[in-house]
Amino acid sequence: MTLRYVVLVGGGATEADRPAVAAVVARVFDAVNGTYNNWNRASEISRLCAAPINKPVELSAGLADLFAIIDDVHGLSGGRFDPTLAPVASVWRTYLGKHGRPPVAAEVSHLTFAVGWADKVAR
């Protein structure tokens, strides 16, 4: 996502440790990119989103754990945290940015069929 970042390493690390630290950071970034990056068409989450509706898909342990956390946060928030709202939120951002107004119901109604983490995402 081209965001700048800084990695701080404590515990007596020295300049000699830089290559090892860089290797660990690269492995973590590669793992995140391969699993969670929805801008990476080859990532697990992208493949899941492209899968046919109602076809079971086996998840990696990491993605399954993330979905379990989402379940918890969804429940704790009374459903206010709902990642299935992302397409609707994207339309809202576009309309607010380009038109200076929110979309009317007819402009987002085609997306609402997929909204609802608790009842649209099969476990």
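Since the structure is predicted, the reported quantities are computational estimates derived from the model, not experimental observations.

### Focus: the packing of aromatic side chains
- All chains considered together, the criterion is met by two aromatic pairs.
- For the pair Phe67 and Trp117, a centre-to-centre distance of 5.4 Å together with 85° between the ring planes defines the contact as edge-to-face. Taken together, the residues Phe67 in helix H3 (residues 61–76) and Trp117 in helix H6 (residues 117–120) connect sequence positions 50 residues apart.
- Residue classification places Trp117 among the buried positions, given a relative accessible area of 5%.

### Considering the side chain of Asn37
- Looking at the element boundaries, Asn37 is found in the loop between helix H1 (18–36) and helix H2 (44–50).
- A polar contact of 2.8 Å, which involves the side chain of Asn37, links it to the backbone nitrogen of Trp39.
- Aside from chain neighbours lying at most four places away, what touches Asn37 is Val32, Ser43, Ile45 and Ser46.

### Here we look at the pattern of salt bridges
- The tally for this structure, following the rule as stated, stands at two salt bridges.
- Of the charged contacts in the structure, one is a salt bridge between Arg18 and Glu15, with a shortest N-O distance of 2.6 Å. Note on accessibility: Arg18 and Glu15 belong to one class, exposed.

Conventions and cut-offs
Residues numbered from 1 in each chain as written. Predicted model: local features only at pLDDT ≥ 70, side-chain atom pairs only at ≥ 80, totals over all residues. Heavy atoms only, no water. Phe/Tyr/Trp six-rings, centres within 6.5 Å; stacked < 30°, edge-to-face > 60°. Helix = DSSP H or I, 4+ residues; strand = E, 2+ residues; numbered from the N terminus. Buried < 20%, exposed > 50% of the residue type's maximum accessible area, 1.4 Å probe, protein only. Polar contact = N/O pair within 3.5 Å; in protein donor to acceptor, adjacent residues only side chain to side chain. Contact = heavy atoms within 4.5 Å. Salt bridge = Lys/Arg side-chain N within 4 Å of Asp/Glu carboxyl O.

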